[in-house]
Amino acid sequence: MLNSPNLEYILVVDDTPAHLKLMVETLTDEGYEVSTAISGERALKKIFYDLPNLILLDIQMPGLDGFEICKKLKENPETKDIPVIFMTAFSDIESIVKGFRLGAVDYITKPFQVVEVLARVKTHIHLQKLRKNLEKEVMKKNNELTKTLEELKISQSQLIHQEKMLSLGELMAGIAHELNNPISAIFNNFYHLEAYIKDILNVLFLYQKYYPNPDKEIMENAEEIDLNFLLKDLPDLVASMKLGSERIKSLSTSLRTFSRTELNSNQKVYFAFHKHIDSTLLILNHRLKANKYRSGVKVVKEYGNVPEIKCFPEQLSQVFMNLISNAIDAIDEFVQNPEFDKFKYHPQITIYSEINQEKKGVIIRVKDNGSGMSEEVKAQIFDKLFTTKTVGKGTGLGLYIVYKIIVINHSGKLWCESTLGQTSEFIMELPIDSK
């Protein structure tokens with residue numbers, strides 16, 4: 001018989017029918033649900049079938065006595081917390097102490113006094129309720145504490161990251177400033193250098209035209225320095241140096257853009273998406289280059305006509321850095337397969353930008369043709385501390401922070417579409433009218 005959830009269920013174990021009858025009548029009149037057992041073996045079967053709220057247990061019984069039953073109950077995790085009150089005709093201290101040592105909470109001496117029985121039963125059932133409520137409260141507090149500790153860990157990681165990014169921003173600002181003047185001088189003087197070299201070459205060509213038979217010393221020197229090759233290669237050399245200086249200037253500009261973003265992280269300002277995405281790509285360019293496992297990653301930019309919006313630039317720069325870095329990680333993970341054929345695979349990252357259909361939000365998509373992810377992984381991808389990367393390569397905070405920045409800090413939307421072994425695409429949508 002299963003006990004009613006609304007009544008306190010008490011099991012009385014005694015091999016004397018008269019004692020059982022008295023206990024059943026006394027406890028039933030007080031509103032308790034009562035079950036009986038006339039032996040230790042039957043008591044154990046009933047206990048494990050339907051756990052009672054309290055057990056009244058006779059000590060002296062044939063077969064398993066009360067001490068043995070109590071010992072078995074306290075050794076079992078399912079029954080160890082059930083209060084046991086011994087019923088005994090013994091009044092010697094040794095038996096009483098033995099019962100307490102085995103885990104009993106109280107004892108009642110025979111012949112029974114009804115008032116005493118009810119008082120002790122009520123007291124220990126009430127104590128059991130208090131204990132259970134306390135356990136629930138402790139568990140609740142432990143869960144709250146665990147959650148708080150996790151939040152603190154995340155906040156600490158974010159603070160450390162922000163401090164690092166601030167220091168990095170200051171460092172890049174200094175480097176960019178120091179590089180800017182000499183780079184500008186080199187870059188701006190290339191136009192003059194090209195003109196000067198062109199003029200010098202024109203004079204040289206005129207000499208060759210009007211003096212086709214120079215002195216022997218001039219002929220020997222021209223052969224020694226391979227003049228014809230120099231005349232052909234010099235313009236290409238200047239063009240290559242000019243291209244290199246343009247790239248250094250672009251990198252310097254990106255560093256200054258990124259550093260200004262980091263140094264103005266506490267206020268919302270208008271944000272140019274394409275400019276900051278391009279700066280991020282330039283900073284990550286070393287990771288896009290070919291390596292021993294794959295060819296270079298092709299970046300396709302399909303930019304739409306999107307407006308600037310007010311936001312926290314430092315945070316969105318971090319979003320782009322995390323998403324593009326993750327796309328490169330997915331490609332690098334994909335090519336680690338021993339059966340992978342790098343000659344047939346063409347790694348690619350595609351970045352889209354557009355305005356949504358309602359004309360109220362900007363949509364940015366970052367798509368890669370890397371390892372993709374399963375439905376199980378996709379369901380957890382934005383959970384804090386979740387990572388699929390090996391130990392030391394991922395904290396489980398990157399995409400959680402991205403989610404928090406887009407959804408919580410900017411009231412936007414963020415979701416992922418992916419097919420295992422084929423592609424992953426992260427889509428963010430940010431409101432144009434951001435307060």
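Further up the page is the structure itself.
This one's a predicted model, so the numbers in the text were calculated from it and none came from an experiment.

**Observations concerning the environment of Tyr-352**
- Topologically, Tyr-352 is positioned in strand β9 (residues 348–355).
- Its relative accessible area of 23% is what places Tyr-352 among the partly exposed residues.
- For the pair Tyr-352 and Lys-367, spaced 15 residues apart in sequence, the C-alpha separation works out to 8.4 Å.

**Thoughts on the nonpolar core**
- Judged by nonpolar contacts, the single largest core of 41 residues is most densely connected at Phe-273, Leu-316, Ile-349 and Met-428.
- Taken together, the elements giving at least two residues each to this core come down to α8 (273–283), β8 (309–311), α10 (313–334), β9, β10 (361–368), α12 (398–409), β11 (413–419) and β12 (423–431).
- Considering every element that reaches this core, the biggest residue donor is α10, with nine residues.
- If we ignore the near neighbours within four places in the chain, the residues touching Met-428 are Val-319, Phe-320, Leu-323, Val-362, Ile-363, Ile-364, Ile-406, Lys-413 and Leu-414.

**Details of the pattern of salt bridges**
- Across all of its chains, the model carries 18 salt bridges by this definition.
- A salt bridge links Arg-294 to Asp-332, with the shortest nitrogen-to-oxygen separation between them at 2.7 Å. Separated by 38 residues along the polypeptide, Arg-294 in the loop between α9 (285–288) and β7 (298–302) and Asp-332 in helix α10 bring together distant segments of the chain.
- Judged by relative accessible area, Arg-294 falls into the buried class, the value being 3%.
- One connected set of salt bridges, linked through shared partners, spans Lys-80, Asp-81, Arg-131 and Glu-135.

**Concerning the pairing of strand β5 (residues 106–109)**
- Only one face of β5 is covered, namely the one carrying Asp-106 and Ile-108; the face carrying Tyr-107 and Thr-109 has none of its residues buried.
- Pairing of strand β4 (residues 84–88) with β5 involves four bridges; the strand directions are parallel. Residue pairing for β5: Phe-86 is matched across the bridge by Tyr-107.

**Points about the pairing of β4**
- The element β4 is largely enclosed, with a buried count of five among its five residues.
- Pairing analysis gives four bridges linking strand β3 (residues 54–58) to β4, with the strands arranged parallel. Across the sheet, the residue bridging to Leu-57 is Phe-86, located in β4.
- For the crossover from β3 across helix α3 (residues 66–75) to β4, the handedness is right-handed.

**With respect to the layout of surface pockets**
- There is about 410 Å³ of room inside the second largest pocket.
- Along the wall of the second largest pocket there are 15 residues; nearest its centre are Gln-208, Pro-214, Ile-218, Ala-222 and Leu-227.
- Residue composition of the lining of the second largest pocket, grouped by class: 10 nonpolar, three polar and two charged.

Reading the values: the criteria
- Residues numbered from 1 in each chain as written.
- Predicted model: local features only at pLDDT ≥ 70, side-chain atom pairs only at ≥ 80, totals over all residues.
- Heavy atoms only, no water.
- Helix = DSSP H or I, 4+ residues; strand = E, 2+ residues; numbered from the N terminus.
- Buried < 20%, exposed > 50% of the residue type's maximum accessible area, 1.4 Å probe, protein only.
- Core = buried A, V, L, I, M, F, W, Y, C linked by side-chain atoms within 4.5 Å.
- Contact = heavy atoms within 4.5 Å.
- Salt bridge = Lys/Arg side-chain N within 4 Å of Asp/Glu carboxyl O.
- Pairing = 2+ DSSP bridges.
- Right-handed = clockwise from strand over helix to strand, strands pointing away.
- 1 Å grid on protein atoms, 1.4 Å probe; cavity = no way out; pocket = protein on both sides within 12 Å on 5 of 7 lines; lining within 4 Å.
- Points joined across faces, edges and corners; volume = space filled by probe spheres on them.
- Nonpolar A, V, L, I, M, F, W, Y, C, P; charged D, E, K, R; others polar.

Don't take any of this as a statement about function, it's just geometry.
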